[in-house]
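Here is how the chains run, residue by residue.
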Amino acid sequence: AGKLPMGQKELVRSKVLAMVVEGKLSLKEGSVRLKVSYRQAKRLVRKYKEQGDQGLIHGLTGRRSNHGTDQELRSQVLALYKEKYRGFGPTLASEEMAEREGIDVKVETLRQWLVKEGLWEARRQGPRGYHARRLPRERFGELVQFDGSDHEWFEDRGPRCCLMNMVDDATGRTLAFLTARETTNAAMELLWRWIDAYGIPQAVYCDRKNAFVLTREPTIEEQLKGITPKSPFEKACEKLGIEVIVAYSPEAKGRVERNHGVYQDRFVKELRLEGIHTITAANQYLQEQYLPKINAKFSKTPAEPEDAHVPLLIQTDLRDILCREEVRVVSRDSIIQFERHLYRIAKDT
């Protein structure tokens, strides 16, 4: 028979236990020398009597550790990461590999592999100044943050475009679509989609962009009439009973800004994996795949269960509300002027 694979620790135990069995040491003296409790020493002596030196060797000696991971899996995962998921964070890469490849690797394990291979560097955040966060609203629909994000959504595969995005303040639920540019029409379309999906929110929180609000001072005529100039988007919100709250810094609408960051990380990479490079295809994937998944993952239960949305009245046509309205004077011969063009109003109108 070959030699038992005993280490220094097992050799010392063997000698001490032999002395205890032969009566040269008491069990108490043996426990002190072995640096174990009296009860543990009794178990060791019993096992030594039954199995000899073999009983001192750990049962896993010579076997692959349960905590180790197969080297073939490591090589497979790293090769796949370099081929398809390069630039993905460990969390997102782990999720995508499980969903798309059927490969289950824990996030922390993958992180360690990537760092060791030089494929990922942990982001170190420096100390931040104190900033008291505004508490979120308590009910779904009480406040919805609203913004557009101009970005290279298709990387180098398609045109630069804008993601119009609404995020509920209480739940983090998001609704978005891609469009060529951030415009008033796009803002109205996004609000329309939100109302169709959930109802009319109590308030929207947006920044000082011309697509959303007017930033100019009122004219003298407006001042005399006590009129506050409003954008078409503000006028539409006013008709729907939606309060428009203007943010004066990116930090003020931090939830939608952070949500943009999630889109710019995850959505961009998913579009890459799907090979999508057009706005039409991206919007279809966004509605059918991405939004249900991202809302299931990141949205939360509001503090209060009551829904703050107001249902749209059945007879209300949003086309009459979410539109541009301009005031023009009709001349005696039924002509109006708009954007340097003349239009005659039909007599039967």
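Presented here is a report on the structure given in the accompanying data block. Keep in mind the model is a prediction, meaning the values are calculated, not measured. (Residues numbered from 1 in each chain as written. Predicted model: local features only at pLDDT ≥ 70, side-chain atom pairs only at ≥ 80, totals over all residues. Heavy atoms only, no water.)

**Examining the overall build of the protein chain**
Looking only at helices and strands, the protein chain has 11 helices and 7 strands in total. In the protein chain, which comprises 349 residues, the share counted as buried stands at 38%. Within the protein chain, contacts between residues at least 6 apart in sequence are counted, and of these 64% link residues at least 24 apart. Summing over all exposed atoms, the protein chain offers an accessible surface of approximately 22,400 Å²; the carbon and sulfur share of this is 49%. (Helix = DSSP H or I, 4+ residues; strand = E, 2+ residues; numbered from the N terminus. Buried < 20%, exposed > 50% of the residue type's maximum accessible area, 1.4 Å probe, protein only. Contact = heavy atoms within 4.5 Å. Areas by Shrake-Rupley, 256 points an atom, 1.4 Å probe, with all protein chains shown as cover.)

**With respect to a positive patch on the surface**
Judged by side-chain charge, R39, K42, R43 and R46 come together as a positively charged surface patch. You can see R46 is positioned in helix α3 (residues 38–51). Relative accessible area serves as the criterion here: at 46%, R46 is assigned to the partly exposed category. (Patch = residues over 30% accessible without salt bridge, like charges linked within 9 Å, V, L, I, M, F, W, Y side chains within 5 Å. Salt bridge = Lys/Arg side-chain N within 4 Å of Asp/Glu carboxyl O. Lys, Arg positive; Asp, Glu negative; His and termini not counted. Charge placed at Lys NZ, Arg CZ, Asp CG, Glu CD.)

**Considerations on the pattern of salt bridges**
By the definition in use, this model includes 20 salt bridges. We note a salt bridge from R139 to E306, for which the minimum N-O separation is 3.6 Å. Taken together, the residues R139 in the loop between α6 (107–117) and β1 (144–151) and E306 in the loop between α11 (279–298) and β6 (335–338) connect sequence positions 167 residues apart. One salt bridge in this structure joins K293 and E270, with 2.9 Å as the shortest N-O distance. Remark: E270 occurs in helix α10 (residues 254–274) and K293 occurs in helix α11; sequence separation between them is 23 residues. Judged by relative accessible area, K293 falls into the partly exposed class, the value being 29%.

Keep in mind these values describe shape, not function.
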